[in-house]
Amino acid sequence: MAASIAKSTLVLKLNLHQVFQTRALHCLTSWFPQTSATTNYIQIRHRNSKQRVKDATVQATKERKFVSKKSKKKALTTMTAVEKSTILADKPVDDVWIRKFYPPPRFSIEEALQRHQAFAQPAMLNNLKGLIYLDMRLDFTTKKKTKFLGNIRASVRLPNEFPYGSPPNILVFCKSEENLNLATSLGAKHVGTPQDIIKQINEGVLNPKDFEHVLSTSECANEILPARSHFRDRFPQRAKGSLGPDLKEIWDAFYYGYCYESTKLADAIGRLQVPLGLLEQPVEDLVENFQTYITHICQHRPVALGPFIQSISVLAPPSPEEFIVRVEDYVPGYKSEDVDSDAEDEAEAMEQ
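Residues numbered from 1 in each chain as written. Predicted model: local features only at pLDDT ≥ 70, side-chain atom pairs only at ≥ 80, totals over all residues. Heavy atoms only, no water.

Undergrad: Teacher, can you tell me more about the nonpolar core here?
TA: General note: in soluble globular proteins, nonpolar side chains tend to be found buried as a group. Counting 42 residues, the largest nonpolar core has Met 136, Tyr 293, Ile 309 and Ile 312 as its most contacted members. Of all the secondary-structure elements, those providing two or more residues to this core are α3 (109-119), β2 (131-139), β3 (153-156), β8 (258-261), β10 (269-278), α8 (283-297), β11 (309-315) and β12 (322-325). The greatest single-element share of this core, amounting to seven residues, is contributed by α8. If sequence neighbours within four positions are ignored, Ile 309 has contacts with Met 136, Arg 137, Leu 138, Ile 294, Ile 297, Cys 298, Val 327, Val 331 and Tyr 334. (Core = buried A, V, L, I, M, F, W, Y, C linked by side-chain atoms within 4.5 Å. Buried < 20%, exposed > 50% of the residue type's maximum accessible area, 1.4 Å probe, protein only. Helix = DSSP H or I, 4+ residues; strand = E, 2+ residues; numbered from the N terminus. Contact = heavy atoms within 4.5 Å.)

Undergrad: Explain the sheet that holds strand β7 (residues 243-244) here, please?
TA: Strand pairing in a sheet is mediated by backbone hydrogen bonds. Such pairs are either parallel or antiparallel. If you walk across this open sheet you meet the four strands as β5-β4-β6-β7, and the pairing is parallel. Only two strands of the sheet have a single neighbouring strand rather than two, namely β5 (190-192) and β7. Strand direction decides the pairing type here: strand β6 (residues 213-217) and β7, joined by two bridges, are parallel. Considered in β7, the bridge of Thr 217 is made with Gly 244. Taken strand by strand, helix α4 (residues 177-186) contacts β4 (170-173), β5 and β6, and its axis lies near 180 degrees from that of β5. Most of the contacts of helix α7 (residues 247-255) go to β6, to which it runs at about 165 degrees, and overall it touches β4, β6 and β7. (Pairing = 2+ DSSP bridges. Axes fitted to C-alpha atoms, helices over the stretch in contact; angles between N-to-C directions.)

Undergrad: Could you clarify how one ought to interpret the packing of aromatic side chains in this entry?
TA: Aromatic rings in a pair are described by how distant their centres are and how their planes are angled relative to each other. According to the stated counting rule, one finds nine aromatic pairs in the structure shown. The interplanar angle of 90 degrees and the centroid separation of 5.3 Å between the aromatic rings of Phe 290 and Tyr 330 together place this pair among those described as edge-to-face. Here Phe 290 is found in helix α8, whereas its partner Tyr 330 is found in the loop between β12 and α9 (341-351), with 40 residues between them in sequence. Accessibility expressed as a relative area gives 0% for Phe 290, which makes it buried. For Tyr 330, a relative accessible area of 23% puts it in the partly exposed group. Every member of this aromatic cluster is reached through a ring pair, and the members are Phe 107, Phe 119 and Phe 323. (Phe/Tyr/Trp six-rings, centres within 6.5 Å; stacked < 30°, edge-to-face > 60°.)

Undergrad: Any chance you could explain α4 here in plain terms?
TA: Residues separated by three or four positions in an α-helix point in the same direction, a consequence of the helix having 3.6 residues per turn. Those residues of α4 that fall on the buried side of the exposure criterion are Asn 179, Leu 180 and Ala 183. Viewed end-on, α4 has its buried residues packed into an arc of 105 degrees, placing them on one side of the element. Seen from the open side of α4, the exposed residues pointing more than 90 degrees away from its buried face are Glu 177, Glu 178, Thr 184 and Ser 185. The inward-facing, buried residues of α4 abut β4, β5, β6 and α7. Two residues or fewer past α4, Gly 187 is found with a positive phi of approximately 110 degrees. (Arc of directions from axis to C-beta.)

Undergrad: Explanation requested: the pattern of salt bridges in the structure shown.
TA: Oppositely charged side chains may form a pair once their charged atoms are brought near each other. Using the criterion set out here, one finds 10 salt bridges in the structure. Arg 153 serves as the salt-bridge partner of Glu 261, at 3.6 Å between the closest nitrogen and oxygen. With Glu 261 in strand β8 and Arg 153 in strand β3, the pair connects residues that are 108 residues apart, well separated along the chain. A residue is classified by how much of its surface remains accessible, and Glu 261, at 47% relative accessible area, is partly exposed. With a relative accessible area of 22%, Arg 153 lands in the partly exposed category. The partner of Arg 157 in a salt bridge is Glu 161, and the shortest N-O contact between them spans 2.7 Å. Exposure remark for Glu 161: the relative accessible area of 39% places this residue in the partly exposed category. Ionic contacts of the salt-bridge type, sharing partners, join the residues Asp 135, Arg 137 and Arg 271 into one network. (Salt bridge = Lys/Arg side-chain N within 4 Å of Asp/Glu carboxyl O.)

Undergrad: Help me understand the sheet that holds β12 in this model?
TA: Within the open sheet, the six strands sit side by side as β1-β12-β11-β2-β10-β9. Their pairing is mixed. A strand with exactly one partner marks an edge of an open sheet, and here the two such strands are β1 (106-107) and β9 (263-264). Where β2 lies against β11, six bridges are found, and the strand directions are antiparallel. Bridging from a neighbouring strand, Leu 134 pairs with Val 314 of β11.

Undergrad: Help me understand a negative patch on the surface in this model?
TA: A contiguous patch of negative charge on the surface is contributed by Glu 110, Glu 111, Glu 284 and Glu 288. Secondary structure elements with two or more residues in the negative patch: α3 and α8. Within the element layout of this structure, Glu 110 appears in helix α3. (Patch = residues over 30% accessible without salt bridge, like charges linked within 9 Å, V, L, I, M, F, W, Y side chains within 5 Å. Areas by Shrake-Rupley, 256 points an atom, 1.4 Å probe, with all protein chains shown as cover. Lys, Arg positive; Asp, Glu negative; His and termini not counted. Charge placed at Lys NZ, Arg CZ, Asp CG, Glu CD.)

Undergrad: Any chance you could explain the packing of α4 against α7 here in plain terms?
TA: For any two helices packed against each other, one specifies the inter-axial angle together with the distance between the axes. At their nearest, the axes of α4 and α7 sit 11 Å apart, and the two run at 25 degrees to each other. With respect to their mutual orientation, α4 and α7 come out roughly parallel. Crossing geometry of α4 relative to α7 is assigned as right-handed. Of the residues in α7, those touching α4 at Asn 179, Leu 182, Ala 183 and Leu 186 are Leu 247, Lys 248 and Trp 251. When grouped by side-chain class, the residues that make up the contact of α4 with α7 number five nonpolar, one polar and one charged. (Parallel < 35°, antiparallel > 145°, perpendicular 65-115°, else oblique. Left-handed = near helix turned anticlockwise from the far one by under 90°. Nonpolar A, V, L, I, M, F, W, Y, C, P; charged D, E, K, R; others polar.)

This is the structure in structure tokens:
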């Protein structure tokens, strides 16, 4: 009796197990699409023999970092300033100091030149034949916040000349036989009438980019207008001194003069680097060249808008030293008496 009961209990359990398996299989087949009974799925795993290497962390360089508009405006107003929170005093007391805790020392132009000449002595760098350069920062802002000055380009005749670079290639527009012969004797690379030169440019015989300066006499002022698009900033103008009645005077200004051209670091900030002279020249001669540069460069912007030159540094490669000049002592616009009514009228006229 007990054996029959155990046997029936076992049969019941097997039947229940088969029922549960059938229901589970029915649930699975309802979720997945019907496939052929002969289809066999074989899972294949490919082993990767290469070792996984973590990508290197990419750090943004100083040039690639995003600079907000607010930061640019702050850099413009404090171009050469040091954070006041880190400054211990205006001038160090001792001969040795930590530079980050004090503002950079500033010198007069005479002191800066004398220090470079001391480094250039034979006992040190032995570079008395080397050149001295002025590195300037220019302010291109105007009264309108969205309007800025363009790059400046001009040539200036220095009172104390020195050898620098190679003779410039000059193109001369003139019509009279006398001026044609004069320009040829002076050494112009190309001389001709406006009609001939414009025709040669259009035919591809002349390349306007081959000439550093373009000069013209007053008699050709109207006939050279079609060539304005070819020369752009080098086009002869009276304001730049490249157009006038006296060809010899114009030639001397550009052939013996020193050409300078600024580059923009931002819309409102420009950089200008010009040669000042040789280290072996007397300090008095170099100071005269310095004053001539300052007067000529500041003419490109009205004084009423503020000082055009924001900072001046004196360089003498290969010396790594860079001496900052007290710019407010030489550049007009830092003192209130430098601005007069005529300058204000000129600034308003330029804005219009």
